[in-house]
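In case you want the letters, here they are:
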Amino acid sequence: MADHGAWPVLTAASNAARNGHEAVLEHILTTVQSPMIFSTTLGAVAEGGYPKILALIHRLNPAAPASTHPLMVFPDLGKAVSLDFITHLLHKAPEDAKDSMWSAALQGALEHKRLHIVRGLVQPGVVRAYESGFFLPVLSDVVAAHSTNAELRFLRDSGLGSYLAAGADSALAKSIERGDIEMATSWIRDHGANPRSDDNLLLYLAAAAGSAPMMQLLCDATNVSFETLVPNGDLVSYLRTQSTTHHVTALTAAIRHHHLPALRLLFDRVSSLPLQMRMITLIVELGHSDMLVEVLSPPPANSFAKYERPHVDAVCAAAKRGDVNTMAVLLDRCKSLFAQKGSARSILCGAVDSGCLPLLDLLWARLKIGADSVSTDDGPTPALSLPDLWVTLHRAAAMGHAPVCRQIFQFVLEYRPGDEAVSRCGELYFTSDSSPSSELDVTGLMRFIADAAGLDVETETSVLPVAARHGQLEVCEYLLDRGVDVQTQANEALKLAYLNGHAAVVQLLLAHGANRAVISDDTASR
């Protein structure tokens, strides 16, 4: 085959490497002659962490690690689950690339809480110079955003103190925004952070977060009287007296710490509609429904979730946690909540994941009217369809949650009462004399839906992690027998089964080729 360095081929190779499909990857690497194929694949090997895949790369092209530019590895190196892979890559990489690779690996391990990799990377003989740049923030910012004070102390004691001190001022701001007073103290006391850097920004952030103790810490560190600076402890009055351009950062702190008076003051100071939408998304993610009531008025309410996928993702997250209050505000005020293709199904599936029956009723009360539509090239189409409801019922069955299944089937029945497949489904699995808590043949129901609705492999594959998280052994067996890839979503099913203590499901998935490397001791702590 000629040089086929096209993206579909590169993507296929990366997916095979990431998911441990040795035979598929060997076929691609031996038949496709492309200078990019090995370097692109090497980055995906890091995320998969399969020793057999690394051995295959080394057998077919021993020079690959040494000839690969660091930029080809960075996107996936941060997701690496195997310390052995990282140390192997560092050993084989060109000398001028080792610092950057080590830095990327350390950043990724800190972000993903893979502490066994962090410990391995800071051992004598492995540790390198930390490099920041376009792809890599300074080390202190990474630590402040993702780590605990104990981890900060460990890194300092491992000899990385100078790299931590280099960005201590910005790290202090991040710790204040997070409300981590213990880490903020460490940045000041142990790493030389300046509490009065950038004028009074840090005091402003602490006040926006509503944290008098944090403001007291900053005042004590600069020999300023807290009582004089903030008479009667009125943090909002202090905010009113300050002139700053850091409104977004301060507003973020107010939202994260649920400081409603600060939100009322600061939201209008952010005049950009896109930035306001970003703040609303954060409020939805955190589930502060009282804040949502304050800010969700036209024009933001008319545009939220209409164009931006992150808005829909935030709504899905609220649905997954069963947040009835937040969803009620969104349903009441957002006309375009279901305006994106597939958003109605995604949000309804999120509610299914929560198992919250009142939330499902709340969503259905709006969706069954049929007023929501999605704009397409052929004109507006309904936001929800019968296939969407079949997929939702299929997901509920994968959870093994009989009451949710019965409720979703009622939605299906209301949506299309005369449909032959709907009627047959009711006769087989939802008889009128069955009680809400009676057992349900969920695997039989899933098989019926897959055949009646013609579900594709991708849809069936997407529910394997759902079944694994809920310990549904028979459902997992059924899906694997249907040909679902056990390593889908980077072995998410195995991770969820392990984290939720479903030992039988873990053994089943491992027996079918799931990657054991993703369930290290650090995984259990997340």
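Below is a summary of the structure that appears in this document.

Cut-offs used in this document
Residues numbered from 1 in each chain as written. Predicted model: local features only at pLDDT ≥ 70, side-chain atom pairs only at ≥ 80, totals over all residues. Heavy atoms only, no water. Helix = DSSP H or I, 4+ residues; strand = E, 2+ residues; numbered from the N terminus. Buried < 20%, exposed > 50% of the residue type's maximum accessible area, 1.4 Å probe, protein only. Contact = heavy atoms within 4.5 Å. Areas by Shrake-Rupley, 256 points an atom, 1.4 Å probe, with all protein chains shown as cover. Lys, Arg positive; Asp, Glu negative; His and termini not counted. Charge placed at Lys NZ, Arg CZ, Asp CG, Glu CD. Core = buried A, V, L, I, M, F, W, Y, C linked by side-chain atoms within 4.5 Å. Disulfide = S-S within 2.5 Å. Salt bridge = Lys/Arg side-chain N within 4 Å of Asp/Glu carboxyl O. Axes fitted to C-alpha atoms, helices over the stretch in contact; angles between N-to-C directions. Parallel < 35°, antiparallel > 145°, perpendicular 65-115°, else oblique. Left-handed = near helix turned anticlockwise from the far one by under 90°. Nonpolar A, V, L, I, M, F, W, Y, C, P; charged D, E, K, R; others polar. Phe/Tyr/Trp six-rings, centres within 6.5 Å; stacked < 30°, edge-to-face > 60°. Polar contact = N/O pair within 3.5 Å; in protein donor to acceptor, adjacent residues only side chain to side chain. Pairing = 2+ DSSP bridges.

### Topic: the overall build of the chain
Regarding its fold elements, the chain presents 36 helices and two strands. Projected onto its principal axes, the C-alpha positions of the chain cover 75 × 65 × 45 Å. Per-residue burial over the chain gives 51% buried out of 526 residues. Long-range contacts, defined as pairs at least 24 residues apart, comprise 72% of the intrachain contacts of the chain with a sequence gap of at least 6. Summed over its atoms, the accessible surface of the chain is roughly 23000 Å², and 52% of this surface lies on carbon and sulfur atoms. Between the mean site of the 41 positive side-chain charges and the mean site of the 56 negative ones, the chain shows a separation of 1 Å.

### A look at the nonpolar core
Of all hydrophobic cores here, the largest spans 178 residues; its most connected members are Trp 187, Leu 330, Leu 445 and Leu 509. With sequence-adjacent residues up to four places away left out, Leu 330 is seen in contact with Val 284, Leu 292, Leu 296, Phe 304, Val 315, Leu 337 and Arg 366.

### Section: the state of the cysteines
Summed over the entire model, instances satisfying the criterion amount to zero disulfides. Cysteine Cys 356 shares no disulfide, and the gap to the nearest cysteine sulfur, in Cys 316, comes to 15 Å. Lacking any disulfide linkage, Cys 476 is separated from the closest cysteine sulfur, that of Cys 405, by 15 Å. Relative accessible area serves as the criterion here: at 0%, Cys 476 is assigned to the buried category.

### Brief notes about the pattern of salt bridges
Under the defined criterion, the tally for this structure stands at 19 salt bridges. We note a salt bridge from Lys 495 to Glu 492, for which the minimum N-O separation is 3.9 Å. Here Lys 495 and its partner Glu 492 are both found in helix 34 (residues 488–499), three residues apart, which amounts to about one turn of the helix. Judged by its relative accessible area of 25%, Glu 492 is partly exposed. A single network of salt bridges, built from pairs that share partners, joins Glu 95, Lys 98, Asp 99 and Arg 128.

### Points about helix 33 (residues 473–481)
If you check which residues of helix 33 are buried, you get Val 475, Cys 476, Tyr 478, Leu 479 and Leu 480. Where helix 33 is buried, its residues meet helix 27 (386–399), helix 30 (442–453), helix 31 (457–462), helix 32 (464–469) and helix 35 (503–511). One or two steps after helix 33, the chain reaches Gly 483, where phi turns positive at roughly 95°.

### Some details on the packing of helix 10 (residues 139–146) against helix 11 (residues 149–166)
Direction vectors running N to C along helix 10 and helix 11 enclose 160°, while the axes themselves pass 11 Å from each other. Taken as axis vectors, helix 10 and helix 11 run roughly antiparallel relative to one another. Where helix 10 crosses over helix 11, the two elements pack in a sense that is left-handed. Contacts between helix 10 and helix 11 pair Leu 139, Ser 140, Val 143 and His 146 from the former with Glu 151, Leu 152, Leu 155, Leu 160, Tyr 163 and Leu 164 from the latter. Its residues placed into classes, the contact of helix 10 with helix 11 shows seven nonpolar, two polar and one charged.

### A look at the packing of helix 30 against helix 33
Direction vectors running N to C along helix 30 and helix 33 enclose 35°, while the axes themselves pass 9 Å from each other. Relative to helix 33, the crossing made by helix 30 is right-handed. Mapping the contact onto sequence places Val 442, Thr 443, Met 446, Arg 447 and Ala 450 in helix 30 and Glu 474, Val 475, Tyr 478 and Leu 479 in helix 33. Residue classes in the contact of helix 30 with helix 33 are distributed as six nonpolar, one polar and two charged.

### A closer look at helix 35
Among the residues of helix 35, those classed as buried are Val 505, Val 506, Leu 508, Leu 509 and Leu 510. Against helix 32, helix 33 and helix 34 lie the buried residues of helix 35. Gly 513 sits one or two positions beyond helix 35 and adopts a positive phi of about 100°.

### Digging into the packing of aromatic side chains
Enumeration according to the criterion identifies four aromatic pairs in this entry. Pairing Trp 364 with Phe 411 gives two aromatic rings, centres 4.7 Å apart and planes at 10°, and the pair type is stacked. With Trp 364 in helix 26 (residues 357–367) and Phe 411 in helix 28 (residues 402–415), this residue pair connects regions lying 47 residues apart in the sequence. In this pair, the class of Trp 364 matches that of Phe 411, namely buried. Members of the aromatic cluster, joined through ring pairs, are Trp 390, Tyr 429 and Phe 448.

### Observations concerning the environment of His 311
Within the secondary structure, His 311 is located in helix 23 (residues 309–320). With 164 residues separating them in the primary sequence, His 311 and Ser 147 have C-alpha atoms 27 Å apart. Aside from chain neighbours lying at most four places away, what touches His 311 is Met 277, Thr 281, Phe 304 and Ala 305. Side-chain polar atoms of His 311 contact the backbone nitrogen of Ala 305, separated by 3.1 Å.

### Some remarks on the side chain of Asp 323
Within the secondary structure, Asp 323 is located in the loop between helix 23 and helix 24 (324–333). Within the structure, Asp 323 has its side chain in polar contact with the side chain of Thr 326 (distance 2.8 Å).

### Examining the pairing of strand 2 (residues 379–382)
Bridging between strand 1 (residues 373–376) and strand 2 involves four bridges; their strand directions are antiparallel. The partner of Val 374 across the bridge, within strand 2, is Thr 381. What sits between strand 1 and strand 2 in their antiparallel hairpin is a turn of two residues.

### What about unusual backbone geometry?
Notably, Lys 113 is not glycine yet its phi reads approximately 60°, a positive angle. Note on placement: Lys 113 falls in the loop between helix 8 (95–111) and helix 9 (115–121). On the basis of relative accessibility, which here comes to 24%, the residue Lys 113 falls in the partly exposed class. With phi around 55°, His 258 is a residue other than glycine that occupies positive phi space. Tracing the backbone shows His 258 in the loop between helix 18 (247–256) and helix 19 (260–266).

### Focus on the side chain of Gln 487
Checked against the element boundaries, Gln 487 lands in the loop between helix 33 and helix 34. Excluding its chain neighbours within four sequence positions, the residues that come into contact with Gln 487 are Asn 19, Gly 20, His 21, Tyr 50, Gly 513 and Ala 514.

### With respect to the environment of Ile 117
Tracing the sequence through the fold places Ile 117 in helix 9. Each C-alpha atom, one on Ile 117 and one on Leu 235, is 42 Å from the other, the two residues being 118 residues apart in sequence.

Worth remembering: the numbers are spatial, not functional.
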